[in-house]
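The residues making up each chain are set out below.
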Amino acid sequence: MKFQRSTLILVGVAFLLGAGVLIAESQRSQSPPSATQSESTEPILTFEEADVASLTVDRGDETLAFEQDDDGNWQMTAPDDAIAEPGAIAFLLSRLNTDSPLQTVTMTADQATDFGFDAPVGIVTVTLEDGTEHELILGGPDFSGGANYAVVDPEPWPPAEGQEYSVLVVTRDVANGINRPLAEWLMPVETSEPEAGVEGASTPTAGEPSEDAVAPDEPTTSPAVPETTENGAETTN
């Protein structure tokens, strides 16, 4: 029985495809286990919020700087001097010292651009009361688009040739905390509404006549009209 030429070609193609799948699977199973590690339960950074003395957020085209005063209130020192919104600062610090990375991957120096570290989303520097500094550099989004790559306290940086770095995959909340609009980093200023009417004018109370009220006219008295009696004599009331 002779097989047609087209049938033999199809069998050959199917064989080659099957062999390619087997080779790919075998290479995947032999990949180094350090390339992707299991989810960590440790926070991104280890510090107590109460120990933070200053915070700097470098967003490329804008740098925000904050310090705590003697009363423990956050003050913005750059780009303006103003009272800071404590909730915005607490949100970002909480993402750093509470949230855990989704996973950890290994990056070589020549892969920094692939991870978005050539143009980072932001660089956050946390300085503690004892002078200890922690730095987080937030890179580009991961393949899912719902998280970002980040490196913590990298040394040396920029990446040096031949160096390997542990890259954290962190939730999108970190990027949201960094990219918050400038107005949301400031304490809202309360403005009082102007009082109605002329300044200094008093409002009359119920039952009290206004100073500008016009007094009613007094009734006028008509002159007496003489009455005529039956005999024709006039009398006056």
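Reference entry: report on the structure contained in this document.

Cut-offs applied
- Residues numbered from 1 in each chain as written.
- Predicted model: local features only at pLDDT ≥ 70, side-chain atom pairs only at ≥ 80, totals over all residues.
- Heavy atoms only, no water.
- Helix = DSSP H or I, 4+ residues; strand = E, 2+ residues; numbered from the N terminus.
- Expected span 1.5 Å × (residues − 1).
- Buried < 20%, exposed > 50% of the residue type's maximum accessible area, 1.4 Å probe, protein only.
- Contact = heavy atoms within 4.5 Å.
- Polar contact = N/O pair within 3.5 Å; in protein donor to acceptor, adjacent residues only side chain to side chain.
- Pairing = 2+ DSSP bridges.
- Core = buried A, V, L, I, M, F, W, Y, C linked by side-chain atoms within 4.5 Å.
- Phe/Tyr/Trp six-rings, centres within 6.5 Å; stacked < 30°, edge-to-face > 60°.
- Salt bridge = Lys/Arg side-chain N within 4 Å of Asp/Glu carboxyl O.

**Description of helix α2 (residues 86-97)**
Here's step 1: Over its 12 residues, α2 extends 16 Å from the first C-alpha to the last, a length consistent with the 16 Å expected when each residue adds 1.5 Å.
Here's step 2: Those residues of α2 not exposed but buried are Ala-88, Ile-89, Leu-92, Leu-93, Arg-95, Leu-96 and Asn-97.
Here's step 3: Tucked inside the fold, the buried residues of α2 contact β2 (52-58), β3 (63-68), β4 (74-78), β7 (122-128), β8 (133-141) and α3 (172-178).
Here's step 4: One side-chain oxygen of the residue at the start of α2 lies 3.0 Å from the amide nitrogen of Gly-87, identifying that residue as Glu-85.

**Considerations on the pairing of β7**
The two faces of a sheet get side chains in turn, since along a regular strand they alternate between them.
Here's step 1: Counting buried residues along β7, 6 of its 7 residues qualify, which places the element largely inside the surrounding structure.
Here's step 2: When β2 meets β7, the two strands line up antiparallel, connected through 6 bridges. Pairing of Ser-54 across the sheet is with Thr-127, part of β7.
Here's step 3: As paired elements, β7 and β8 share 6 bridges and run antiparallel to each other. Within β8, the residue paired with Thr-127 across the bridge is Glu-133.
Here's step 4: The antiparallel hairpin formed by β7 and β8 contains 4 residues in its connecting segment, where Gly-131 sits at a positive phi of about 90 degrees.

**Considering the nonpolar core**
Here's step 1: Of all hydrophobic cores here, the largest spans 28 residues; its most connected members are Leu-55, Phe-66, Val-126 and Trp-185.
Here's step 2: Looking at this core, the elements that each hand over two or more residues are β2, β3, β4, α2, β7, β8, β10 (164-171) and α3.
Here's step 3: Residues Val-105, Phe-117, Ile-137 and Tyr-149 belong to the second largest nonpolar core, which totals 12 residues.

**Notes on the packing of aromatic side chains**
Here's step 1: Enumeration over the complete set of coordinates arrives at 4 aromatic pairs.
Here's step 2: Ring geometry for Phe-115 versus Tyr-149: centroids 4.7 Å apart, planes at 70 degrees, classification edge-to-face. Within this pair, whereas Phe-115 is found in the loop between β6 (103-108) and β7, its partner Tyr-149 is found in strand β9 (residues 147-152), the two being separated by 34 residues in sequence. Tyr-149 carries the same exposure label as Phe-115, and that label is buried.

**Observations concerning the pattern of salt bridges**
Here's step 1: Inspection of every chain in the model, using the stated rule, returns 3 salt bridges.
Here's step 2: Among the salt bridges present, the one from Glu-62 reaches Arg-59, with a minimum N-O distance of 2.6 Å.
Here's step 3: Classification of Glu-62 as partly exposed rests on a relative accessible area of 24%.
Here's step 4: Arg-59 sits in the buried class, given a relative accessible area of 15%.

**Concerning unusual backbone geometry**
Here's step 1: Following Ala-78, the chain continues into Pro-79 via a peptide bond in cis, with omega recorded as 5 degrees.
Here's step 2: When you line up the elements, Pro-79 lands in the loop between β4 and β5 (82-83).
Here's step 3: Residue Pro-158 follows Trp-157 across a cis peptide bond; omega there is 5 degrees.
Here's step 4: Along the chain, Pro-158 turns up in the loop between β9 and β10.
Here's step 5: At Asp-153, a position not held by glycine, the phi torsion is positive, near 45 degrees.

**Digging into the environment of Asp-173**
Here's step 1: Locating Asp-173 in the fold gives a position in helix α3.
Here's step 2: By relative accessible area, which is 34% here, Asp-173 ends up partly exposed.
Here's step 3: Note: C-alpha distance between Asp-173 and Asn-148 (25 residues apart in sequence) is 9.4 Å.
Here's step 4: If near-sequence neighbours (up to four positions away) are discounted, Asp-173 is found in contact with Phe-91 and Arg-95.

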